[in-house]
Amino acid sequence: MLIRNAELNGLRVSVRIADGKVAAIGQGLPDAGGPLFDAQGGALLPGLHDHHLHLHALAARRNSVRCGPPDVSNADTLSLRLVELDRHSAGWLRGVDYHESVAGDIDRDWLDERLPRRPARIQHRGGRLWVFNSAALAQLDPGPTDPLERKNGRLTGRLYDGDAWLRERMGATRPSLADVSRELAGYGITGVTDTTPQNGPGDLQAFASAQANNELLQDLRVMGGDALHGADASASQRVQPAARKFHLLESALPDFEACCRAVRRAHAANRNVAFHCVTRTELVFVLGVLRGTGTRLGDRIEHASVTPLVLLPRFHELGLAVVTQPGLVHSRGDRYLTDVDAEDRGDLYRLRAFLDAGIRLAGSSDAPFGEPNPWVAMQAAVDRRTREGRELGGAEALAPDEALALYTSPLSRPGTAAPGIRSGMPADLCVLDRGWARARASLADVRVRLTLRAGECIHRATRTSAPTERMA
Ligand SMILES: [Zn+2]
């Protein structure tokens, strides 16, 4: 394949792709008769990486009804939406994105009034709580050892942190990844890290087969639990087991010593550790654990949603990388401005402070909990504006090139610089619909015209294709 008229480091170049690699870069490379793509001056960039998301949950979410802001903001709208769906579709009804600002602390009785017969489950926006109606509870067949919440012996319909149990009860039906993977490719994404804590060898296998049958187009790193210690990494170069994921919850922190032992086990199994960490208390706990156990290059903190400046030197001492979600400032910022104490707001989703302290920083979506479009997230990293246009933590803003770098750093080493585009490197590339000078001025407007993963075309915008193009 030959890409012509691409902008690379400010120059117009042609790039030849052969055997999955960049074979040559130059001005006026001859057309050898293979597929041809006219970049029309669009910037040629490394393929992007989303360093933290949940693929199966994202796919499931695409088949779900939204039950929270900004789509649904009050109880009447939600009730109408549920009753309407009940009338026009069948089977389990799956709601996502619920927030208590809509209708308070809902339970089975609230749902039963709207959905008396059809099994329904609604997930809280935070991802850790499901609420079931009575019809759903009946199908789940609760027993003495289930993790469902009870009050005075009666099921409330709430299930906290019970995804593993739920999966077991409902069967591990994994939705197809085809649509979400194509969507990600459309943003220029060639590699992702699935950070679902429950991932085990079965999931690794499922991801590998999704890739083998072209349902999953990206390279993938798979975090998960202890069950992934010693997982077979040889099955596929493109799906590799990754860090042991720890999902902390401030209200139920694990035993400190037990947590240290789990970290040591992961390190002994040659794995990194990654800690979900969204509150100050969780952060202090993790830093304490890692100070006790020591760290391994590649250990990371996910989210670091609230980071007091005084803790930054500890990240640095421990050599930790931070994988953050700049896009949440855009999608959730308005709520943060209402819900988060004024004195904590400056600590939210820091960016600049991490870079200034020499801490490796990478970007991600946390989809489906955040929006998967990295260009919107880069824009939010630059302007720190909420959906309604209010500023949140303006001092943490990055320059556009720094925002891009959050998404181009290698999957295996988030927060380190991407190797430049040169001959011999794997052809994981994307071509924008505009040059970089225009792109950096308005990142959220960027469209990706072509995405290649190891030289394979995994996305090509149809609308804007030039007449001079030829595809195999
Ligand atoms: Zn996550």
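What counts and what doesn't
- Residues numbered from 1 in each chain as written.
- Predicted model: local features only at pLDDT ≥ 70, side-chain atom pairs only at ≥ 80, totals over all residues.
- Helix = DSSP H or I, 4+ residues; strand = E, 2+ residues; numbered from the N terminus.
- Rg over C-alpha atoms; globule rule 2.2 N^0.38 Å.
- Buried ≥ 20, exposed ≤ 12 C-beta atoms within 10 Å, placed from the backbone.
- Pairing = 2+ DSSP bridges.
- Contact = placed C-beta atoms within 7 Å.
- Axes fitted to C-alpha atoms, helices over the stretch in contact; angles between N-to-C directions.
- Expected span 1.5 Å × (residues − 1).
- Arc of directions from axis to C-beta.
- Core = buried A, V, L, I, M, F, W, Y, C linked by C-beta atoms within 7 Å.
- Domains from an automatic or database assignment.
- Nonpolar A, V, L, I, M, F, W, Y, C, P; charged D, E, K, R; others polar.

Q: Could you give me a rundown of the overall build of the protein, with the residues and numbers involved?
A: Of regular secondary structure, the protein possesses 17 helices and 22 strands. For 472 residues, the compact-globule formula gives about 23 Å, and the C-alpha radius of gyration of the protein, at 23 Å, lands near that figure. Along the first, second and third principal axes, the C-alpha set of the protein runs to 75 × 55 × 45 Å. Counting only residues that meet the buried cut, the protein has 44% of its 472 residues in that class.

Q: So what's going on with the sheet that holds strand 10 (residues 129-132)? Residues and values would help.
A: Here we have six strands laid out as an open sheet, ordered 7-8-9-10-12-11, and mixed in their pairing. Pairing within the sheet leaves two strands with one partner each, and these edge strands are strand 7 (65-66) and strand 11 (148-151). Pairing geometry for strand 8 (residues 93-98) and strand 9 (residues 120-124), over four bridges, is parallel. Looking at strand 9, one finds that Arg94 is bridged to Arg121.

Q: Before we move on, could you go through the pairing of strand 3 (residues 21-26) and cite the residues and values that matter?
A: Note: strand 2 (residues 11-18) against strand 3, five bridges, orientation antiparallel. Counterpart to Arg16 in the pairing with strand 3 is Ala24. Following strand 2, the chain reverses through two residues before pairing antiparallel with strand 3; Asp19 in that reversal takes a positive phi of roughly 50°.

Q: Tell me about the environment of Leu220, and please be specific about residues and values.
A: Mapped onto the elements of the fold, Leu220 is located in strand 14 (residues 219-224). The spacing of Leu220 and Val192 is 28 residues in sequence and 5.1 Å in space, taken between C-alpha atoms. Contact partners of Leu220, with chain neighbours within four places excluded, come to Val192, Asp194, Phe207, Gln211, Arg238 and Val239.

Q: Before we move on, could you go through the sheet that holds strand 20 (residues 429-432) and cite the residues and values that matter?
A: The four strands lie next to each other as 5-20-21-22, forming an open sheet whose pairing is antiparallel. Looking at strand neighbours, the two that pair on one side only are strand 5 (44-46) and strand 22 (456-460), the edges of this open sheet. Ignoring strand direction, the axes of neighbouring strands in this sheet form an average angle of 20°. In terms of strand pairing, strand 21 (residues 448-453) meets strand 22 through four bridges, oriented antiparallel. For Arg453, the partnering residue across the bridge sits in strand 22 and is Glu456.

Q: Please provide a residue-by-residue account of helix 8 (residues 201-212), values included.
A: The α-helix winds at 3.6 residues per turn, so residues separated by three or four positions along the chain end up facing the same way. With 12 residues, helix 8 extends 16 Å from end C-alpha to end C-alpha; this agrees with the ideal 16 Å at 1.5 Å per step. When helix 8 is considered as a whole, its buried residues turn out to be Asp203, Leu204, Ala206, Phe207 and Ala210. Axial view of helix 8: buried residues confined to an arc of 165°, hence all on one face. At the C-terminal side of helix 8, Asn214 shows a positive phi close to 65°.

Q: Lay out the nonpolar core with the relevant residues and their values.
A: Of all hydrophobic cores here, the largest spans 100 residues; its most connected members are Ile3, Leu44, Val322, Met378 and Ala381. At seven residues, the largest contribution of residues to this core is made by helix 15 (residues 374-383). Counting contributing residues per domain, this core is built from domain 1 (2-46 + 428-460) and domain 2 (49-56 + 175-408), each supplying no fewer than three. Apart from residues no more than four positions distant in its own chain, Val322 is found in contact with Arg300, Ile301, Ala304, Phe315, Phe354, Ile359 and Leu361.

Q: An account of the domain arrangement of the protein is requested, with residue identities and associated values reported.
A: Taken domain by domain, the protein consists of domain 1 (2-46 + 428-460), domain 2 (49-56 + 175-408) and domain 3 (64-170). Measuring from the centre of the C-alpha atoms in domain 1 to the corresponding centre in domain 2 gives 28 Å. Across the contact, 13 residues belong to domain 1 and 17 residues belong to domain 2. Looking at the side of domain 1 that touches domain 2, the elements with two or more residues in it are strand 5, strand 21 and strand 22. Sort the elements by how many residues they give to the side of domain 1 that touches domain 2 and strand 21 lands first, with three residues. Classifying every residue of the side of domain 1 that touches domain 2 gives eight nonpolar, two polar and three charged.

Q: Which residues make up the environment of Glu343, and what are the values?
A: Mapped onto the elements of the fold, Glu343 is located in helix 13 (residues 342-345). The exposure class of Glu343 is exposed, given the 7 C-beta atoms found within 10 Å. Spatially, the C-alpha atoms of Glu343 and Val65 are 35 Å apart, while their sequence positions differ by 278 residues.

Q: So what's going on with unusual backbone geometry? Which residues, and what values?
A: Residue Pro70 is bonded to the preceding Pro69 through a cis peptide linkage, with omega at 5°. Cis geometry is adopted by the peptide bond preceding Pro368, which originates at Ala367 and carries an omega value of 10°. In this structure, Pro368 sits in the loop between strand 19 (361-363) and helix 15. The residue Asn5 is not glycine, and still its phi comes out positive at about 60°. Within the element layout of this structure, Asn5 appears in strand 1 (residues 2-8). Assessed through the 17 C-beta atoms surrounding it within 10 Å, Asn5 is described here as partly exposed. We note that Asn214 has phi near 65°; this positive angle belongs to a residue other than glycine. In this fold, Asn214 is placed in the loop between helix 8 and strand 14. Residue classification places Asn214 among the exposed residues on the basis of 11 C-beta atoms within 10 Å.

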